[in-house]
Amino acid sequence: MRKLLFLGLWLFANTTLAAAQPDPFPQVASSYLVELNGEAIWAKQPQRRLPPASLTKLMTALLVLELAQPEDEVTLQATATHETGTRIGLKPGERFRLQDLLAATMLHSANDACHALADHVDGNETAFVARMNRRAQALGMQHTHFTNACGHDQDGHYSTAHDLSLLAHTLLKYPSLLEITALKNLQIATLDGQHRYTLENKNALIGRYDGALGLKTGFTAKAGKCLVAYAKRDGHEVLLVMLHGEDRWWDAVDILDLAFDHARPAP
């Protein structure tokens, strides 16, 4: 009994110490930011410019939500089907509801679907990327610059944990997006019903971590493992932005757990 009591006190003391540190997880990522109920509680180099990989798609999603309608009909152009990286194999001329392509972008991180959304909003990716940068500046994302809509590694394509938190908060104003990002999987189909595609959520927290609702994962060789995680539990909200992470999923669980513990009133 005495050993168990000692162990319990030791764990409590170390958890309390970690919670009091400005950077209790110095090894988990090149940069990260944790917010509890909208207030930053821990961070490591949150203003460091790094490639965001598919976290880029958060801006694509925001512009789609702001400028288009869920029931819009989107026709695939050849430019979208020529995308590289993660894809679901869309074909030129296929027609979809915009909402379904948004789901493919957010859940499966499909670059062909993402590019199709950019084409739908602005006619081509170049014009859409210019809009992305204007919107980033309007949001106060002063250390962000996009060169493509989907998150490919390119010179001049970068963001920061702080800037991505601003973007995430704007997206959280759209409950319809959380309805998508909280899904483990989804099946979509072309408007003529001829082709169906199964989407698997790449966010391993969804369905496994209590309260997890989104938002987006990302990975490239240069960006490493990236994540914007959002969870709600017992009236509290935690947002985690991680750039170039190490053991992304286990580290995210540890960080989210400690953040929710931080929200509890002291005994």
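These numbers come from a predicted model, not from an experiment.

Student: I keep staring at the packing of aromatic side chains and nothing clicks. Help me out?
Tutor: Centre distance and the angle of the planes are the two values used to describe a pair of aromatic rings. Within the structure shown, the criterion is met by two aromatic pairs. Considering the side-chain rings of F96 and Y197, the 5.9 Å spacing of their centres and the 50° angle between planes classify their relative orientation as tilted. Of this pair, F96 sits in strand 4 (residues 95-97) while Y197 sits in strand 6 (residues 196-200), and the two are 101 residues apart along the sequence. In terms of burial, F96 and Y197 fall into one category: buried. Between the NZ or CZ atom of R233 and the centre of the ring of F260, over which it lies, the distance is 4.5 Å.

Student: What is the right way to look at the pattern of salt bridges in this model?
Tutor: Pairing between side chains becomes possible if they bear opposite charge and their charged atoms approach one another. This model, assessed by the stated rule, comprises six salt bridges. Measuring nitrogen to oxygen at the nearest pair gives 2.7 Å for the salt bridge that ties E71 to R97. On the criterion of sequence distance, the pair formed by E71 in the loop between helix 2 (57-67) and strand 3 (73-75) and R97 in strand 4 is long-range, its members being 26 residues apart. Overall, E71 belongs to the exposed group, its relative accessible area being 55%. For the salt bridge of R131 with D122, the shortest nitrogen-to-oxygen distance reads 2.7 Å.

Conventions and cut-offs
Residues numbered from 1 in each chain as written. Predicted model: local features only at pLDDT ≥ 70, side-chain atom pairs only at ≥ 80, totals over all residues. Heavy atoms only, no water. Phe/Tyr/Trp six-rings, centres within 6.5 Å; stacked < 30°, edge-to-face > 60°. Helix = DSSP H or I, 4+ residues; strand = E, 2+ residues; numbered from the N terminus. Buried < 20%, exposed > 50% of the residue type's maximum accessible area, 1.4 Å probe, protein only. Lys NZ or Arg CZ within 6 Å of the ring centre and 35° of its normal. Salt bridge = Lys/Arg side-chain N within 4 Å of Asp/Glu carboxyl O.

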